[in-house]
Each structure stands twice: as structure tokens, then as C-alpha cells.
Amino acid sequence: MGIYLKSRLTRSALGYVTALLLTVFSVFGCFYSWLIESKEAERESAYSLPSEVVIASVTGTSTEDLDIMGPSLRAFTRYKSGFDAMNLPDLRPYFSDIRIEERLAYGTLAQTGVHLLRGISSMSMFGGDEIIWLDGELDLEDYDSEGIIIPEEIYSSLTDDSDILRMTVYPNEETTNRFAVCELKIAGYYTGGDKTTIYCPFEQAMRIMTEIEGFYGSGFSISATVAVNKKLDELRELLPQYFCEVTPSGNVGESPLGYEYRHSAIIHDEELRKTINTLSRSISLLKRLYPIILSAEIIIAAAACWFYKHLSRREIAVARSLGTPASAILSETAVEMLILSLMSVLIATVLAALLPICVIDPAVLAIIPASGIAGAFVSAFTSAKKNGTLILKED
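Residues numbered from 1 in each chain as written. Predicted model: local features only at pLDDT ≥ 70, side-chain atom pairs only at ≥ 80, totals over all residues. Heavy atoms only, no water.

Quick one: what's the story with the packing of aromatic side chains, residue by residue and with numbers?
Inspection of the entire model under this criterion finds 12 aromatic pairs. Their ring planes at 90° and their centres at 5.2 Å tell us that Phe-126 and Tyr-190 sit as a pair that is edge-to-face. Of this pair, Phe-126 sits in the loop between β3 (115-120) and β4 (130-133) while Tyr-190 is found in strand β7 (residues 180-191), placing the two residues 64 residues apart along the sequence. Pairing Tyr-170 with Phe-179 gives two aromatic rings, centres 6.1 Å apart and planes at 65°, and the pair type is edge-to-face. A relative accessible area of 14% places Tyr-170 in the buried class. The class for Phe-179 is partly exposed, based on a relative accessible area of 46%. Ring pairing ties together the aromatic residues Phe-28, Phe-31, Tyr-32, Trp-34 and Tyr-290, which thus form one cluster. Over the face of the ring belonging to Tyr-143 we find Arg-207, whose NZ or CZ atom lies 5.7 Å from the ring centre. Sitting over the ring of Tyr-47, Lys-230 keeps its end group 5.2 Å from the ring centre. (Phe/Tyr/Trp six-rings, centres within 6.5 Å; stacked < 30°, edge-to-face > 60°. Helix = DSSP H or I, 4+ residues; strand = E, 2+ residues; numbered from the N terminus. Buried < 20%, exposed > 50% of the residue type's maximum accessible area, 1.4 Å probe, protein only. Lys NZ or Arg CZ within 6 Å of the ring centre and 35° of its normal.)

An account of a negative patch on the surface is needed here, citing residue identities and associated values.
On the surface, a cluster of negative charge is made up of Glu-137, Asp-139, Glu-141, Asp-142 and Asp-144. Tracing the chain through its elements places Asp-144 in the loop between β4 and β5 (148-151). (Patch = residues over 30% accessible without salt bridge, like charges linked within 9 Å, V, L, I, M, F, W, Y side chains within 5 Å. Areas by Shrake-Rupley, 256 points an atom, 1.4 Å probe, with all protein chains shown as cover. Salt bridge = Lys/Arg side-chain N within 4 Å of Asp/Glu carboxyl O. Lys, Arg positive; Asp, Glu negative; His and termini not counted. Charge placed at Lys NZ, Arg CZ, Asp CG, Glu CD.)

Account for the state of the cysteines, naming residues and giving values.
What the rule picks out here adds up to 0 disulfides. Here Cys-182 stays unpaired: no disulfide links it, and the sulfur of Cys-200, its closest cysteine neighbor, is 9.6 Å away. The buried category is assigned to Cys-182, whose relative accessible area is 7%. Of the cysteine sulfurs around Cys-358, a residue in no disulfide, the closest is that of Cys-30, at 6.0 Å. (Disulfide = S-S within 2.5 Å.)

Lay out the nonpolar core with the relevant residues and their values.
Val-53, Ile-55, Phe-76, Leu-91, Phe-95, Leu-235 and Leu-239 are the most contacted members of the largest nonpolar core, which has 31 residues in total. Mapped onto this core, the elements with two or more residues apiece are β1 (52-57), β2 (95-107), α5 (202-213), β9 (221-226), α6 (232-238), β10 (263-268) and α7 (270-310). With near-sequence residues (within four places) excluded, Leu-235 lies in contact with Val-53, Leu-91, Tyr-94, Phe-95 and Val-226. Listed in part, the 20 residues of the second largest apolar core include Tyr-106, Leu-117, Ile-154 and Val-169. (Core = buried A, V, L, I, M, F, W, Y, C linked by side-chain atoms within 4.5 Å. Contact = heavy atoms within 4.5 Å.)

Give me the lowdown on the pairing of β3, citing residues and values where you can.
In terms of residue burial, β3 counts as a mostly covered element, since 6 of its 6 residues are buried. Pairing geometry for β2 and β3, over 6 bridges, is antiparallel. Each bridged residue has a counterpart across the sheet, and for Arg-103 the counterpart in β3 is Arg-118. In this sheet, strand β8 (residues 198-201) lies alongside β3 in parallel orientation, the contact comprising 4 bridges. Bridge assignment links Ile-120 to a residue of β8, and that residue is Pro-201. (Pairing = 2+ DSSP bridges.)

Explain a nonpolar patch on the surface to me, and be specific about the residues and the numbers.
Together, Leu-14, Val-17, Trp-306, Phe-307, Leu-311 and Val-378 make up an exposed nonpolar region whose accessible area comes to about 530 Å². At the level of elements, α2 (13-46) and α7 are the ones that each hand at least two residues to the nonpolar patch. Residue Phe-307 is classed as partly exposed on the basis of its relative accessible area of 45%.

The following block contains the structure:
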């Protein structure tokens, strides 16, 4: 039988076709695995799409001039209130960029009129073109940070080299009967943008407001970028402790803490949800089809190898008629199919490694050739167990 095995492996075109078929099925299985993995990677990267939370009025019609105070302001700052004893959750770890603004007003001897003083918590809220720092960059997120960023026009008008600007600060541009006279350190000046607006850290603005009014100020507006989108569901469960959903009628009840809702929270994650949902549906469909496609490949591979070995039944019949034991025939069948399978695995592995749209899937590379070996073995076993003369007569 060794001579017949060598002859089949060197001359039988059908053997190479069978090996090619196993290779094609294996490569397709690796491609399908890559397709699933690429969609999962695409979904994972989609979680980096920006999503943000914006605080608005109860009706959702305004996101500015909100007068955000108490626990609602405490959720985004280090501000302490009487509600702290209730162990309210701190929302700050859920955000990568918290943008809180308080708007005050100021006047100086060098300028006529009352102008805007913006207390901001993030440089993304800055409205100028470029900042020229005088003595190191101002950290707006630092609770104790103090310093002002003034327009270039104001900086150029200063008559001395002092880095202190004397200002009269008011609660707003309309209320000038209450004020505080402050000497504020100039951290830098900016070009472009508004030629009168002065910027300072939000917490510094709150301290000035406390000096004017005798109590901690309020938030003119709040918005924040979500740090980890996978925690959005967790964040959604915490927000109702501070804010209600947008209610066009304006009729809202009390919060779980017993105070009346004054503001709503709007989560802008529409693009994220649309992208994630689309990809999740695609991945779910691909995974449902995967066992069907793999089963079809296994059946076809087994049938093809069964047919390939079935065409050798005359050789098996002759061998059996000459007294070759069935175990020898089955052994040579196993060796023959193992050689063809190893050829297909080697070629498929190389192609999967080289092709950018494939991954090396060990399960596929093992199952497809194994099914072929099983199909050929069943065919050889059926023929080897029959009487050789009987097989020749049937043919």
C-alpha cells in the first residue's frame, strides 16, 4: 500500500484539489473571525466618541443664567453644603472636562463702564486666541488657584510694571450697589477675542462672590465631557439625585433628597448610542451566523474528503483481495489525509498571517482539516470492512 499512497500523493490531481478546498475553507473561517474581531474593535473605539452632560432649566429651554446652587453645584465642585451629611455621590470622577462658569462684573479706573468677569473651570471655555503667561500657566482646576487673564488692550494700558490690577467687582452688570474692591494678580494677557472680558478660576470667582454677598455664589452654566462612556448607565442612575429629566410643562416633583428640582440634566450621547447600537447589531448577526457557516464548511469538507477517498475504493478492494488487512488500509488513509491536511493548514496559516483581512484562528485551522480527515476515514473504513471481490463486482 505504500507504493499506492506515494502514487496518489504525487499523481492524483484530486488530492491537491481536496487540499485546496480545505485551505479555502480554513482561510474563509479565518476571514470570518477577523470580521467579527474588527467589528468588536470598531465598537470598542466608538466608545471614545465624545458625549457630554449639559445642565439646563427644568423645561430644557435654557442652558445659561441658571443660578445653579446647593447640591446641584456641589455635584461638580468642591463646594460644601448642608446636603453633604446625606453622602451625595460625587459626579466629578465621571467627567474628563468639567466646564462651570460664574459671571460677575468689574470696573476699573482705567476703563469706563462695567464689564464682564468670567469665572471658568476649564481652558476650553476661554474665548481669546492666545494667552501670554507672565509667571507660569494658571491652573483653572486648582481649588486654591488665583489670578486673572486680561485682554491685551488692558495690559498695554497699564502705566506701571505691577502685576496687580485693582478692580471693583459686582454681582453682575446690572447690580452695582453691592461690590467688593479687589486687588487681583495678573497671571497673563490674551490676544483676540473680547477686548474687555477678564477671566479667572471659577473657585476664585466664588470666593469674590462670597465677599460681596456673604454666601457662596452660583453656577451660570455647567456642562461636562464624560470621561468613560462605558459608565454612562451608572451616571444615569446617579444624576436623578441632583437633576430631573427635561419636563416641558415645568411641573416636577421633589428629588429623592426631598428638595424641589430646579434644573434638568441632558445627556448628549446620540452619536455614541447610534454607532454602538449599529455595530452591536452587526456583531450579533455575525455571531449568530458563525456556527451555521462553520457547520456548513465542516459538512462540505467532510463530504469532499469522503468522496475523494470513495474514488479509491477499487484500490482498496484490490488490496483487500491480496490479503492486506483493514488496519493497514486505515493507517495509510490516516497518513495520506494527515499529509494533505497539514499542507492545507500550513498554506492557510501563511495566508491568514499575510492577508490584512484575516486572523489566525487555531480553532478553524484545526476543525476544518479534522472534519476532512474524519470524512475520508469513514469512507475508507466502510470500504476496508467489505470483501474486496464484492466491491469489484459492485463497481
